[in-house]
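Each chain, written out:
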2 protein chains.
Amino acid sequence: MISSETLRRYPFFGLLSDEQLKAIAMIGEEKTYPKDTILFKENTAATRLYLLLEGDIDLVYSGGGEGAVVNALVGSIAPGEVLGVSSLIEPYTFISSARPTTPIKVVEIDSLALRALAEVDARLGYILMRNIAVAVLERLKYTQVELAAARA
Amino acid sequence: MISSETLRRYPFFGLLSDEQLKAIAMIGEEKTYPKDTILFKENTAATRLYLLLEGDIDLVYSGGGEGAVVNALVGSIAPGEVLGVSSLIEPYTFISSARPTTPIKVVEIDSLALRALAEVDARLGYILMRNIAVAVLERLKYTQVELAAARA
């Protein structure tokens, strides 16, 4: 459990009511991880949404399967941004791996519990998924730019 | 206005109730466009969500700005899929251009009216934005694969 004040500071949670923030804070935990851990791994079950409080994280994509040689940088996460968006999007499987490039502090939110809150409170669900869509579209924009550059 | 039966056939609208489908059908229009039109243009205001009924569409990205030479293929849309997802995601600006590669038939949905429905019926909004997030994540997966291949 964390304080709802921690969440309130971040635009991602901006439109939620006090009550909704408290419910989410109840299922959140603050954690720290050293540099170069794997926070989550591509192709594994996505069960947590993360809010990055401190540090920086690279998102890398293997290029397909275990034997793949490529580890393409497909995104970078700065403080205040969420990652693990796949934990709220079917089929709930990470599509890239997250590697902190510095020591990090995050809020981890149990995504199954978060989805349960959204089922009960559809308004929470609507706001949450709108914000998740914004985060995914940002990532898509970034990879489009990189793809166009790679092909130029 | 279109028939709600038209929408019901597509997974994108699968979880919505009869009443919700009827409300969306009221603000939908069926249209056809010839091959090689520009259905929508990158960096313009996104005011319509499209469901592709027949034909094929390429999504292309200029690589940044008017003078850019690259026109990278960043997605392809097949019948049954939606496009114009940016019409439901802030800042409501298309991030790529849509070019039919065959004559197409689409359902066009006024996204301002659709967002108004979601404001009134948060459950509709929650389901809609979950499905939009799935569509954007699919696009992100595709560009990640292409990016990793381009860098291999």
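Everything below is about the structure shown above.
Every value quoted in this text rests on a predicted model; they were computed, and no experiment measured them.

In terms of regular secondary structure, chain A is built from four helices and seven strands. Traced from its N-terminal end to its C-terminal end, chain A shows the element sequence α-α-β-β-β-β-β-β-β-α-α. For chain A, whose C-alpha radius of gyration is 16 Å, the value lies close to the compact-globule estimate of 15 Å for 152 residues. Its C-alpha atoms give chain A principal-axis dimensions of roughly 50 × 30 × 25 Å. Within the span of chain A, comprising 152 residues, buried residues form 51% of the whole. Across chain A, the fraction of contacts at a sequence separation of at least 24, relative to all contacts at a separation of at least 6, is 77%. Counting only carbon and sulfur atoms, one obtains 53% of the accessible surface of chain A, whose full area is about 6700 Å². Measuring between centres, the 15 positive side-chain charges of chain A sit 2 Å from its 19 negative side-chain charges.

On to the side chain of Gln20 of chain A. All names here are of chain A. Of note, Gln20 is situated in helix 2 (residues 18-26). Of the polar contacts made by the side chain of Gln20, one reaches the backbone nitrogen of Ser17; its length is 2.9 Å. Apart from residues lying up to four places away in sequence, Gln20 is in contact with Asp121, Arg123 and Leu124.

For the structure on display, the rule yields 18 salt bridges over all chains. For the salt bridge of Glu30 of chain A with Lys105 of chain A, the shortest nitrogen-to-oxygen distance reads 3.6 Å. With Glu30 of chain A in strand 1 (residues 28-33) and Lys105 of chain A in strand 7 (residues 104-110), this pair connects stretches of sequence that are 75 residues apart. We note a salt bridge from Asp18 of chain B to Arg8 of chain B, for which the minimum N-O separation is 2.7 Å. With Asp18 of chain B in helix 2 (residues 18-26) and Arg8 of chain B in helix 1 (residues 4-8), this residue pair connects regions lying ten residues apart in the sequence. Among the charged side chains, a network of salt bridges with common partners joins Glu5, Arg8 and Asp18 of chain A.

Next up on the list: the layout of surface pockets. A probe matching the size of a water molecule, rolled over the atoms, marks out where space remains unfilled. By volume, the largest pocket amounts to about 500 Å³. Together, 18 residues line the largest pocket, and Glu81, Val82, Val134, Ala135 and Glu138 of chain A are the ones closest to its centre. It is helix 4 (residues 122-151) of chain A that provides the largest number of residues to the lining of the largest pocket, a total of six residues. Taken as a whole, the second largest pocket encloses approximately 420 Å³ of empty space. If you trace the second largest pocket, you find 18 residues lining it, with Glu81, Val82, Val134, Ala135 and Glu138 of chain B closest to the centre. Those elements that provide at least two residues to the lining of the second largest pocket are strand 4 (72-77) and helix 4 (122-151) of chain B. Ranked by residues supplied to the lining of the second largest pocket, first place goes to helix 4 of chain B with six residues.

To continue, consider the relation of the copies chain A and chain B. Placing chain A over chain B gives an RMSD of 0.0 Å and needs a rotation angle of 180 degrees, together with 0.0 Å of translation along the axis. Interpreted geometrically, this transformation is the action of a two-fold axis. If distances are taken from each C-alpha of chain A to the rotation axis, the shortest is found for Tyr126 of chain A, at 2.0 Å. A high fraction, 100%, of the interface residues of chain A reappear at the interface in chain B, so the copies pair face to face through one surface.

Turning our eyes to something else, we now look at the sheet that holds strand 4 (residues 72-77) of chain A. Residue and element names in this part refer to chain A. With antiparallel pairing, three strands are arranged side by side in an open sheet as 4-3-6. Every interior strand has two partners, whereas the edge strands, strand 4 and strand 6 (97-100), have only one. For this sheet, the mean inter-axis angle between neighbouring strands, taken without regard to orientation, is 30 degrees. Here helix 4 sits on the sheet and contacts strand 3 (57-61) and strand 4; the angle it forms with strand 4, its principal contact strand, is near 140 degrees.

Residue and element names in this part refer to chain B. Look at helix 3 (residues 111-120) against helix 4: their axes get within 5 Å of each other, and the N-to-C directions meet at 125 degrees. Here helix 3 lies oblique to helix 4, going by the angle between them. Residues Leu114, Leu117, Ala118 and Val120 of helix 3 touch helix 4, and the partners they reach there are Ala122, Leu124, Gly125 and Leu128. Looking at the contact of helix 3 with helix 4 residue by residue, the class counts come to seven nonpolar, one polar and no charged.

Attention now moves to the sheet that holds strand 5 (residues 82-83) of chain A. Residue and element names in this part refer to chain A. Taken in spatial order, the four strands make up an open sheet running 1-7-2-5, and their pairing is antiparallel. At either end of the open sheet lies a strand with only one pairing partner, and these are strand 1 and strand 5. Pairing analysis gives six bridges linking strand 2 (residues 48-54) to strand 7, with the strands arranged antiparallel. Within the sheet, the bridge partner assigned to Leu49 lies in strand 7 and is Ile109. Sheet strands touched by helix 3 (residues 111-120): strand 2 and strand 7. Its angle to strand 7, the strand with the most contacts, is close to 50 degrees.

Cut-off values and rules
- Per chain, residues are indexed from 1 in the order of the written sequence.
- A letter from A marks each chain and a number from 1 marks each ligand, given out in the order of writing.
- Given that the model is predicted, a residue must reach a pLDDT of at least 70 before its local features are reported, and side-chain atom pairs must reach 80 or more before they are shown or counted; all residues, however, enter totals for whole chains, interfaces and linings.
- Excluded from the side-chain calculations are hydrogens and water; all other atoms, namely the structure's heavy atoms, are used.
- Secondary structure elements are taken from DSSP: a helix is a run of H or I of four residues or more, a strand is a run of E of two residues or more, and numbering for both begins at the N terminus.
- What the globule rule says is 2.2 Å times the number of residues to the power 0.38, and the radius of gyration is computed from C-alpha atoms.
- Buried residues are those whose accessible area, probed at 1.4 Å on protein chains only, stays under 20% of the maximum for their type, while exposed residues exceed 50% and partly exposed ones sit between those limits.
- Working rule for contacts: check all heavy atoms of both residues, and any pair within 4.5 Å makes them a contact.
- All accessible-area figures derive from a Shrake-Rupley calculation using a 1.4 Å probe, and residue coverage is judged against the displayed protein chains alone.
- Charge assignment in this entry is limited to Lys and Arg as positive and Asp and Glu as negative, and neither His nor the chain termini are counted.
- For charged residues, the charge sits on one atom: NZ in Lys, CZ in Arg, CG in Asp, CD in Glu.
- Throughout this description, a polar contact denotes any pair of N or O atoms lying within 3.5 Å of each other; where both atoms belong to protein, one of them has to be capable of donating a hydrogen while the other can accept it, and for residues adjacent in sequence the pair is counted only when both atoms sit in side chains.
- Should a side-chain nitrogen of Lys or Arg be within 4 Å of a carboxyl oxygen of Asp or Glu, the pair is scored as a salt bridge.
- Any residue with an atom within 4 Å of a point lines the site, the site being either a cavity, points on a 1 Å grid over the protein atoms alone where a 1.4 Å probe fits but cannot get out, or a pocket, an open set with protein on both sides within 12 Å along at least 5 of 7 lines.
- Grid points are joined across faces, edges and corners, and a volume is the space filled by probe spheres set on the points.
- What sets the superposition is a least-squares fit of C-alpha atoms, and only residues with pLDDT of at least 70 in both copies go into it.
- The pairing criterion is simple: DSSP has to find at least two bridges between the two strands.
- Each axis is a line fitted through C-alpha atoms, taken for helices only over the stretch in contact, and angles between the N-to-C directions span 0 to 180 degrees.
- Here the angle decides the label: under 35 degrees means roughly parallel, over 145 means roughly antiparallel, 65 to 115 means roughly perpendicular, and every other value means oblique.
- In this classification, Asp, Glu, Lys and Arg are treated as charged, Ala, Val, Leu, Ile, Met, Phe, Trp, Tyr, Cys and Pro as nonpolar, and every other residue, Gly included, as polar.

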